[in-house]
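Below, each chain spelled out in residue letters.
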Amino acid sequence: APATATPANADMFRAAPAARVQHQQLRDMLHAWREGMLAGTSGGRVSGEHAPDRRLGERRELRPQEVRSVASLLQGEGVRTFEAALAGKGHLHEAIREEMLEGARRLGLDPDRTCLDPQHEDAIDLTGLLFESMLRGNAMVQQARRLFARLVMSYVKVALADDSLFMRGDHPARRLLDGLAITCEGNEGTSPQEREMLEHAGGIVERVVSEYNEDLAIFELAAEELDSLLEQQRRRADLAERRAAETMHGRERLQHARAEAARELSARIAGRTLTP
């Protein structure tokens, strides 16, 4: 790093300390949450929950490349397990750990002799909490939960390499999640427009799962495509709303004209005897 900040990089130097503080605050909150989960059970262990194993004298920590290899192997897998967790049957971070352990075993990395390091543990927990909060905050039907479940392991890979995912609302992967939440919220696919949006969202998810390889450009492109689709949907909705308002206004004018005509006719024939 240069010894002095130039106008071009001054903002980066000012932002870096703040980002480090936010990063530490995030991890402090995560560790407090984890300790609370463990303290809430007898014996200091959550039922079915994997507390991070720190017996480093017996196990070696997996190297970053090994963890990324496991995550790459599992990318797009574990969907049914993750979907069940997102539906409230267990915790997502627990399901992710189980899949990671199985993936390590498939790559010949004995889980009895290896373990995740603390940063990898944090990345898994934060990913699980992120997805669970997205699903809790939005009304999602089963088809939507399946789309999010497809993305879980891809987001674990993002988190392992870039923890700003959890601190930046403008992060490409966060933008994609937000767009998917808007697309899927309350969408049961009952109308042609709803089905079209779900199909587009599904295609975008599949492309991310199949193409993501530690290059965030795929998330950027996917988020932009989804934003464009949502904007088209908003324009169509606005047009339909305007047309509906114009139709209603036309009906009101017609009813008013009929009432005026009826009053005028009544006034003109009042007191007169009409022929058959």
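Keep in mind it's a predicted model, so treat the numbers as computed, not measured.

The rules behind these values
- Residues numbered from 1 in each chain as written.
- Predicted model: local features only at pLDDT ≥ 70, side-chain atom pairs only at ≥ 80, totals over all residues.
- Heavy atoms only, no water.
- Helix = DSSP H or I, 4+ residues; strand = E, 2+ residues; numbered from the N terminus.
- Buried < 20%, exposed > 50% of the residue type's maximum accessible area, 1.4 Å probe, protein only.
- Lys, Arg positive; Asp, Glu negative; His and termini not counted.
- Salt bridge = Lys/Arg side-chain N within 4 Å of Asp/Glu carboxyl O.
- Contact = heavy atoms within 4.5 Å.
- Axes fitted to C-alpha atoms, helices over the stretch in contact; angles between N-to-C directions.
- Parallel < 35°, antiparallel > 145°, perpendicular 65-115°, else oblique.
- Nonpolar A, V, L, I, M, F, W, Y, C, P; charged D, E, K, R; others polar.
- Patch = residues over 30% accessible without salt bridge, like charges linked within 9 Å, V, L, I, M, F, W, Y side chains within 5 Å.
- Areas by Shrake-Rupley, 256 points an atom, 1.4 Å probe, with all protein chains shown as cover.
- Expected span 1.5 Å × (residues − 1).
- Arc of directions from axis to C-beta.
- Phe/Tyr/Trp six-rings, centres within 6.5 Å; stacked < 30°, edge-to-face > 60°.
- Left-handed = near helix turned anticlockwise from the far one by under 90°.

Visitor: Go over the side chain of Arg 145 with me, naming the residues and quoting the values.
Guide: With respect to the helices and strands, the residue Arg 145 is situated in helix α6 (residues 142-161). One buried charged residue, Arg 145, forms no salt bridge at all, with the nearest opposite charge on Glu 83 at 5.1 Å. With near-sequence residues (within four places) excluded, Arg 145 lies in contact with Glu 83, Leu 86, Ala 87, Leu 135 and Met 140.

Visitor: How would you sum up the packing of helix α2 (residues 64-74) against helix α4 (residues 92-106)? Please name residues and give values.
Guide: Between α2 and α4, whose axes approach to 9 Å, the crossing angle comes to 100 degrees. Judged by the inter-axis angle, α2 sits roughly perpendicular to α4. In this structure, α2 uses Val 67, Val 70, Ala 71, Leu 73 and Leu 74 to contact α4, whose residues at the interface are Glu 99, Met 100, Gly 103, Ala 104 and Arg 106. Split into classes, the residues belonging to the contact of α2 with α4 amount to 7 nonpolar, 1 polar and 2 charged.

Visitor: Talk me through the environment of Arg 113; I want residue IDs and the actual numbers.
Guide: Turning to its location among the elements, Arg 113 is positioned in the loop between α4 and β2 (114-115). Among the residues examined, Arg 113 registers a relative accessible area of 61% and is labelled exposed. The contacts of Arg 113, once residues within four sequence positions are left out, are Glu 58, Arg 59 and Arg 60.

Visitor: Describe the side chain of Lys 157, with residues and values.
Guide: Of note, Lys 157 is situated in helix α6. The charged side chain of Lys 157 is buried without a salt bridge, its nearest counter-charge being Glu 214 at 5.2 Å.

Visitor: Could you give an account of the environment of Arg 68, naming the residues involved and the relevant values?
Guide: Structurally, Arg 68 can be placed in helix α2. On a C-alpha basis, the gap between Arg 68 and Ala 161 in space is 8.6 Å, while along the polypeptide they are 93 residues apart.

Visitor: I'd love a proper account of a nonpolar patch on the surface, names of residues and values included.
Guide: Residues Leu 265, Ile 269 and Leu 274 make up a contiguous nonpolar surface patch of about 280 Å² in total accessible area. Mapped onto the elements of the fold, Leu 265 is located in helix α9 (residues 217-269). Take Leu 265: its relative accessible area is 52%, and that puts it in the exposed class.

Visitor: Provide a residue-level description of helix α8 (residues 192-211), including the pertinent values.
Guide: Here α8 is 20 residues long and its end C-alpha atoms lie 28 Å apart, about the 28 Å a rise of 1.5 Å per residue gives. Those residues of α8 that fall on the buried side of the exposure criterion are Met 197, Leu 198, Ala 201, Gly 202, Ile 204, Val 205, Val 208 and Val 209. The buried side chains of α8 occupy one side of the element, clustering within an arc of 165 degrees when seen end-on. For α8, the exposed residues set more than 90 degrees away from the buried face come down to Pro 192, Glu 199 and Ser 210.

Visitor: Any details on the packing of aromatic side chains? Residues and values, ideally.
Guide: Inspection of every chain in the model, using the stated rule, returns 4 aromatic pairs. Geometrically, the ring pair formed by Tyr 155 and Phe 219 is edge-to-face, given 5.3 Å between the ring centres and 80 degrees between the ring planes. Linking Tyr 155 in helix α6 with Phe 219 in helix α9, this pair joins segments that are 64 residues apart in sequence. Pair check on accessibility: Tyr 155 and Phe 219 agree, each one buried. With 5.0 Å between their ring centres and 70 degrees between their planes, Tyr 212 and Phe 219 make a pair best called edge-to-face. Neither Tyr 212 nor Phe 219 differs from the other in exposure class; each is buried. An aromatic cluster of at least three residues, connected via ring pairs, comprises Phe 131, Phe 148, Tyr 155, Tyr 212 and Phe 219.

Visitor: Give me the lowdown on the pattern of salt bridges, citing residues and values where you can.
Guide: Considering all chains together, one arrives at 20 salt bridges under this definition. One salt bridge in this structure joins Arg 34 and Asp 125, with 2.6 Å as the shortest N-O distance. On the criterion of sequence distance, the pair formed by Arg 34 in helix α1 (residues 10-39) and Asp 125 in helix α5 (residues 118-136) is long-range, its members being 91 residues apart. Considered together, Arg 34 and Asp 125 belong to a single accessibility category, that of buried residues.

Visitor: Summarise α4; cite the residues concerned and give the values.
Guide: The end-to-end C-alpha separation of α4 is 21 Å, in line with the 21 Å expected for 15 residues at 1.5 Å each. Listed in full, the buried residues belonging to α4 are Leu 92, His 93, Glu 94, Ala 95, Ile 96, Arg 97, Glu 99, Met 100, Gly 103 and Ala 104. Positive phi appears at Gly 108, one or two residues downstream of α4, with a value of about 85 degrees.

Visitor: I'd like a rundown of the environment of Glu 58, residues and numbers included.
Guide: Tracing the sequence through the fold places Glu 58 in the loop between α1 and β1 (60-61). A C-alpha to C-alpha distance of 8.7 Å links Glu 58 and Asp 112, two positions 54 residues apart in sequence.

Visitor: Tell me about the packing of helix α7 (residues 172-184) against α8, and please be specific about residues and values.
Guide: Across the interface, α7 lies against α8 with an axial gap of 10 Å and an inter-helix angle of 155 degrees. Taken together, the axis directions place α7 and α8 in an arrangement best described as roughly antiparallel. You can see that α7 and α8 cross each other, and the crossing is left-handed. Where α7 approaches α8, its residues Leu 176, Leu 180, Thr 183 and Cys 184 are matched on the opposing element by Met 197, Leu 198, Ala 201, Ile 204, Val 205 and Val 208.

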